[in-house]
Amino acid sequence: MSSAIINGKEIGQEIRNAVAERVTRLKERGLTPGLAVVLVGDNQASATYVRNKQKSCEAIGMFSELIKLPEETTQEELLAQIELLNQREDIHGILVQLPLPKHIDEDTVIATIAVEKDVDGFSPVSVGKMMLGQETFLPCTPFGVMKLLEYSGIEIAGKHAVIVGRSHIVGKPMGQLLLQKDATVTYTHSKTPDLPSFTRQADILIAAVGRANFITKEHVKEGAVVIDVGINRDDNNKLCGDVNFAEVDGIASHITPVPGGVGPMTITMLLFNTVQAAENTLVQ
Ligand SMILES: Nc1nc2c(c(=O)[nH]1)N[C@@H](CN(C=O)c1ccc(C(=O)N[C@@H](CCC(=O)O)C(=O)O)cc1)CN2
């Protein structure tokens, strides 16, 4: 029997509808949520993601502004742009599309975004608050995965979650969010010996390695929930995840496809966080 598909497009749309209603209510009060998207350089994938983010904002009545800067922009010029956006009252959320060109230090740039506008949830203050379980903006991809699990009725408490990958924007926060819902969490990574011996223990397996079709049937326990965060191109340049879907289908109880699984949730949760940022300005 095939695994149940966790459909990120459908779940994402349901959440976007609810976010759109919140936008309408804010506009009735004279406030249009505004997102500034900063894109530096000519990375084609980044340009596509940024376009999709702007389209998604427009679709629910939010304002978005693209700040497109050339590849040779200096770090100081970029920081100056962010300082300007920090001051603007019509901008409630700021995101700097990653990756940045090599000559710019991502950590310094992200730390410059005002925490109340850090809708990507990447700044050190946001990350610290998340670690402490305090209210803050959660990073969009792990936040989206938590929503996929919630909307699919998947129990987390008491389950063993194994994370493959330890990036700042997915792997690390993913484990924290699952821990806060009382999962037992194991982090694995490129230096983990005998990876399948860990992943086969997972009730919930999160693949965030960035390697096409890396997770195969030998990594997955019968009945596990498999969440594929990867976005890769295979040898035929076809979009694929970190999980070999064809092999794992039928072993997992639930699985996310690529495309159409975690990806659409990343932008959905960005919209969610930006509307929250706008609402926060009303209650201060
Ligand atoms: N500042 C940020 N930079 C980056 C982030 C981020 O969250 N904030 N994440 C990724 C890229 N990303 C958003 O920026 C992103 C990646 C993928 C998708 C998505 O919807 N994927 C689709 C397939 C799209 C396709 O056809 O190529 C899917 O999986 O169904 C959305 C957003 C790195 N940078």
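Residues numbered from 1 in each chain as written. Predicted model: local features only at pLDDT ≥ 70, side-chain atom pairs only at ≥ 80, totals over all residues.

(A) Structural context of the domain arrangement of the protein chain. In terms of domains, the protein chain is made up of domain 1 (30-115) and domain 2 (140-262). For domain 1 and domain 2, the distance between their C-alpha centres works out to 29 Å. (Domains from an automatic or database assignment.)

(B) Layout of the site of the ligand. The full set close to the ligand counts 17 residues, and Y49, L98, P259, G263 and T266 are the nearest of them. Secondary structure elements with two or more residues in the shell around the ligand: β4 (93-96), α6 (140-151) and α10 (262-283). A total of 4 residues in the shell around the ligand trace back to one element, the largest contributor, which is α10. In the shell around the ligand, the residues fall into 11 nonpolar, 5 polar and 1 charged. Two domains each donate at least three residues to the shell around the ligand, and these are domain 1 (30-115) and domain 2 (140-262). (Near = placed C-beta within 6 Å. Helix = DSSP H or I, 4+ residues; strand = E, 2+ residues; numbered from the N terminus. Nonpolar A, V, L, I, M, F, W, Y, C, P; charged D, E, K, R; others polar.)

(C) Up close: the UniProt feature "domain: Tetrahydrofolate dehydrogenase/cyclohydrolase NAD(P)-binding" (unreviewed entry) in the protein chain. Sites flagged by UniProt as "domain: Tetrahydrofolate dehydrogenase/cyclohydrolase NAD(P)-binding" (unreviewed entry) map to residues 139-280. Secondary structure across residues 139-280 comprises 35% helix and 17% strand; the distance between its end C-alpha atoms is 17 Å. (UniProt positions renumbered as here; feature names shortened; annotations may be inferred.)

(D) Inspection of the sheet that holds strand β3 (residues 63-69) at higher detail. One open sheet holds the 3 strands; their spatial order is β3-β2-β4, and the pairing between them is parallel. Every interior strand has two partners, whereas the edge strands, β3 and β4, have only one. On average, each strand axis in the sheet is tilted by 15 degrees relative to the strand beside it, whichever way the strands run. Both strand β2 (residues 34-40) and β4 contribute to a ladder of 4 bridges, which runs parallel. (Pairing = 2+ DSSP bridges. Axes fitted to C-alpha atoms, helices over the stretch in contact; angles between N-to-C directions.)

(E) Region of interest: the UniProt feature "domain: Tetrahydrofolate dehydrogenase/cyclohydrolase catalytic" (unreviewed entry) in the protein chain. As recorded in UniProt, the sites labelled "domain: Tetrahydrofolate dehydrogenase/cyclohydrolase catalytic" (unreviewed entry) are residues 6-120. As a span, residues 6-120 carries 50% helix and 16% strand, and end to end its C-alpha atoms are 23 Å apart.

(F) Local environment of the packing of α6 against α10. Across the interface, α6 lies against α10 with an axial gap of 8 Å and an inter-helix angle of 105 degrees. In terms of axis orientation, α6 runs roughly perpendicular to α10. In contact with C140, T141, F143, G144, V145, K147 and L148 of α6, α10 contributes V262, M265, T266, T268, M269, L270 and N273. Looking at side-chain class alone, the contact of α6 with α10 contains 8 nonpolar, 5 polar and 1 charged residues. (Parallel < 35°, antiparallel > 145°, perpendicular 65-115°, else oblique. Contact = placed C-beta atoms within 7 Å.)

(G) Quick peek at the pairing of β2. Of all 7 residues that make up β2, 7 are buried, and the element is covered over most of its length. Here β2 shows no split at all, with G34, A36, V38 and V40 on one side and L35, V37 and L39 on the other all buried. Looking at chain direction, β2 and β3 are connected through 7 bridges and run parallel. Among the inter-strand pairings, V40 is bridged to a residue of β3, identified as L69. Viewed along the sheet, the connection from β2 through helix α2 (residues 44-59) into β3 turns out right-handed. (Buried ≥ 20, exposed ≤ 12 C-beta atoms within 10 Å, placed from the backbone. Right-handed = clockwise from strand over helix to strand, strands pointing away.)

(H) Quick peek at the sheet that holds strand β6 (residues 184-188). Taken in spatial order, the 6 strands line up as β1-β11-β8-β7-β5-β6 in an open sheet, and their pairing is parallel. The outermost strands of the open sheet, each flanked by one partner alone, are β1 (4-5) and β6. One ladder, built from 2 bridges, connects β1 with strand β11 (residues 254-255); its direction is parallel. Pairing of I5 across the sheet is with I255, part of β11.

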